[in-house]
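# Overview (structure and organization)
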Amino acid sequence: MAIPSQPESAYDFDFVVVGSGFGGSVAALRLAEKGYRVAVMEMGRRWTPATLPRSSWFLNRWFWRPSLGLKGFFSMRFFRHVTVLHGCAVGGGSITYACTSLRAPDKIWRTGSWVGLAPWEAEMPSHYETASRMLGIAQNTILGPADHLLQKVADEAGVGATFYQTNVAILQSPEGKPGGQSVGDPYFGGEGPPRSTCTGCGGCMMGCHHGAKNTLDLNYLWLAEKRGAKIFAETKVVDVKPWHGSADGSHGYEVRTVRSTALFAKHSRRLTCGGVVFAASSLGTMDLLFDLKDRGLLPRISDQLGKHVRTNSESLLAVRTPGFPEDLSQGVAIGSGVYIDEHTHIEAVRYPRRSDTMSLLTTPLTNGVPGLQRIVLWLRNLLTIFLRHPIRTLRVIQPFGWARENVVLLCMQALEGDLQMRWKRPWYWPFRKCLTSHGEKVPTYIPQANAFAERFARLTGGTAMSMTPEILFNIPGTAHCLGGCVIGASPEQGVVDHRHQVFGYQNLYVCDGSVVGANLGVNPSLTITALAERAMSFIAPATK
Ligand SMILES: Cc1cc2nc3c(=O)[nH]c(=O)nc-3n(C[C@H](O)[C@H](O)[C@H](O)COP(=O)(O)OP(=O)(O)OC[C@H]3O[C@@H](n4cnc5c(N)ncnc54)[C@H](O)[C@@H]3O)c2cc1C
Ligand code: SF4
């Protein structure tokens, strides 16, 4: 569908894109290329290597909670069933992500809400290819000590053959050349920004200080701005409603924004547009659409909103080895992975030296079925290891030096299972509605993953660790929250159709992780990018 690019006076913009992550950046560039006047509204800040925090101890530049004065690019949201880690910046999750970029296996198109709605297996490869080219994806050649350890443990466990070097969105030096070299734009024939090659500092999740990570502000958004798209940072979209009283938005939309980082003078601003692309991430888009539906601004949104929220069934484990002879923070953030069985996949993850704050959420590993029994077991374990090795236990639980001595093991399972989000007043905060999670809990105890972590610890002479919230509250953590506005055949099955058009409205789209209709079982950013490329390919160029 095309919307006529209106004379300057009709709409302020042809399209407003809400959010500048993977889906939003693709939308911004492709719509600008098609001749539309595009505004990108992003509630996070714009970052440069000079403004990024030096370590995770600089909470005000790392963590996002503007009401507490924290204006960073990384956020955590806590639900009864899951803790969600996500990004918030110009460039969305790309500023904080570990840049592992894997294609989901073909079988994902044969399950979930999108089955049979398009010839996915025939169409998606070309969109994956475009996405990979734009994001500069290449196989990781910088293997650090943590990757070599992962390979050794996999060999010992009899799954060495599944070891692989991740594909990453990083500019790496040609073989044999040192990192940290400045180069002219290597990706877009000189139209992109000059860059620097990767030093293997392991800092990808704290933002890349070297300009080597291919974040969205250096590719899609860079090119979109060159084609006239306007990016409004620190600008949160709070209202979207059909303009001129049309029920289905056929006369365009009115959008209201506020300044996201201001406590008081929020500078509410209204503008009009022909179409809107929601790309605020799974949680952000659900937040906004639930609120708009609830307040009667977009009442036709399908009641499927909030259903089929998936987490990749993740579990975070770690092995800390005080006094380990090598620096385990070296390499790229996620350098390698192994498959320990058909459904279970483990990646070696690291934080850069001195970024030790995540250690505050870790504790020695405890096996056992979640619940009171596991908490008791955990307390007993903690006491036993403390009495047996007091100094070593203190060294393992104190934060300083964690990143240098630690390997995080990110475990993902490609098993079906989903949650539901509802828009409710929680009992503990009845003043306003917010997302609340419902459904079966995602498992926090994956015995084969725990056994792998223990094997890893035996090899290094370290201690296997897990996340404290997983043990105490049986709540898993995930950086891969997907779904909630899934692609479906009708409003009874999904919120958008297979072209990402919102059921019941004209020129209203969703292009982010919320549309994903099955459990991917791998890191999702490449699939989100490829899906957005496909969705944008259906929008006709502007007619003048
Ligand atoms: C620490 C970490 C590491 C990760 N590592 C990887 C990895 O290695 N590989 C991988 O594939 N994935 C990884 N991910 C996940 C990946 O970042 C997300 O899956 C991806 O960013 C989701 O893309 P998206 O387009 O759905 O939204 P996002 O990229 O999250 O972008 C949404 C944007 O919308 C903005 N927004 C939200 N609401 C509003 C509003 N009302 N108004 C204006 N703006 C709004 C947000 O600020 C955000 O910037 C990681 C995530 C984290 C947190
Ligand atoms: S390892 Fe360091 S230099 Fe390389 S991309 Fe990550 S942060 Fe940048």
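Our structure's up above, just so we're on the same page.
To keep things clear, this report deals only with the structure shown in the data block. Just so you know, these numbers come straight off a predicted model, no measurement behind them. (Residues numbered from 1 in each chain as written. Chains lettered and ligands numbered in written order. Predicted model: local features only at pLDDT ≥ 70, side-chain atom pairs only at ≥ 80, totals over all residues. Heavy atoms only, no water.)

## Side note on helix 12 (residues 525-537)
To be explicit about the condition: Strands are runs of DSSP state E lasting at least two residues, helices are runs of H or I lasting at least four, and both sets are numbered from the N terminus onward. The span you would expect from a helix comes to 1.5 Å times its residue count less one. Using a 1.4 Å probe on the protein chains alone, a residue whose accessible area is under 20% of its type maximum counts as buried, one over 50% counts as exposed, and one in between counts as partly exposed. Here a residue-residue contact requires only that any non-hydrogen atoms of the pair lie within 4.5 Å.
A rise of 1.5 Å per residue sets the reference length of helix 12, with its 13 residues, at 18 Å; its end C-alpha atoms lie 18 Å apart and thus fit the reference within 8%. Of all 13 residues in helix 12, 12 are buried, a share of seventy percent or more. Listed in full, the buried residues belonging to helix 12 are Ser-525, Leu-526, Thr-527, Ile-528, Thr-529, Ala-530, Leu-531, Ala-532, Glu-533, Arg-534, Ala-535 and Met-536. Turning to helix 12, the residues buried within the fold contact helix 1 (22-33), helix 3 (120-135), helix 5 (220-226) and strand 26 (482-484).

## Some words on the pairing of strand 2 (residues 38-41)
Quick reminder of the rule: Strand pairing is assigned whenever DSSP detects at least two bridges linking the two strands. When the strands point away from the viewer and the connection leading from the first strand across the helix to the second strand turns clockwise, the crossover is called right-handed.
Of the two faces of strand 2, the one carrying Val-38 and Val-40 and the one carrying Ala-39 and Met-41 are both buried. In this structure, strand 1 (residues 13-18) lies alongside strand 2, joined through four bridges in parallel fashion. Bridging across to strand 2, Val-17 finds its partner in Val-40. At this point the chain moves from strand 1, through helix 1, to the parallel strand 2, and the crossover so formed is right-handed.

## Re the site of ligand 1
Using the following cut-off: Summary of the distance rule: residues count as near a molecule or strand when at least one heavy atom falls within 4 Å of that molecule or strand. Pairs of N or O atoms are called polar contacts if they sit within 3.5 Å, as long as, within protein, a hydrogen donor faces a hydrogen acceptor (for residues adjacent in sequence, only side-chain-to-side-chain pairs). Only Asp, Glu, Lys and Arg are considered charged in this grouping, and only Ala, Val, Leu, Ile, Met, Phe, Trp, Tyr, Cys and Pro are considered nonpolar; every other residue, Gly among them, is considered polar.
Of all residues adjacent to ligand 1, which total 38 residues, the nearest are Glu-42, Gly-93, Thr-100, Gly-513 and Ser-525. Contacts to ligand 1 include Glu-42, whose side-chain N or O atom sits 2.6 Å from an oxygen atom. Within the backbone of Val-237, an N or O atom sits 3.0 Å from a nitrogen atom of ligand 1. Broken down by secondary-structure element, the contributors of at least two residues to the shell around ligand 1 are helix 1, strand 6 (83-87), strand 13 (235-242) and helix 12. Residue composition of the shell around ligand 1, grouped by class: 19 nonpolar, 16 polar and three charged.

## Focus: the packing of aromatic side chains
Cut-off, in case you're wondering: For Phe, Tyr and Trp, where Trp contributes only its six-membered ring, two rings pair if their centres lie within 6.5 Å, and the inter-plane angle classes them as stacked under 30 degrees, edge-to-face over 60, or tilted in between. Two conditions define a charge located above a ring, namely a distance within 6 Å from the ring centre to NZ of Lys or CZ of Arg, and an angle within 35 degrees of the ring normal.
Tallied over the full model, the rule gives 19 aromatic pairs. With a centroid separation of 5.8 Å and an interplanar angle of 50 degrees, the aromatic rings of Tyr-11 and Trp-243 are classed as tilted. Of this pair, Tyr-11 sits in the segment before strand 1 while Trp-243 sits in the loop between strand 13 and strand 14 (253-259); the two residues are 232 residues apart in sequence, bridging distant segments of the chain. A cation sits over an aromatic face here: Arg-45 above Trp-47, 4.6 Å from the ring centre.

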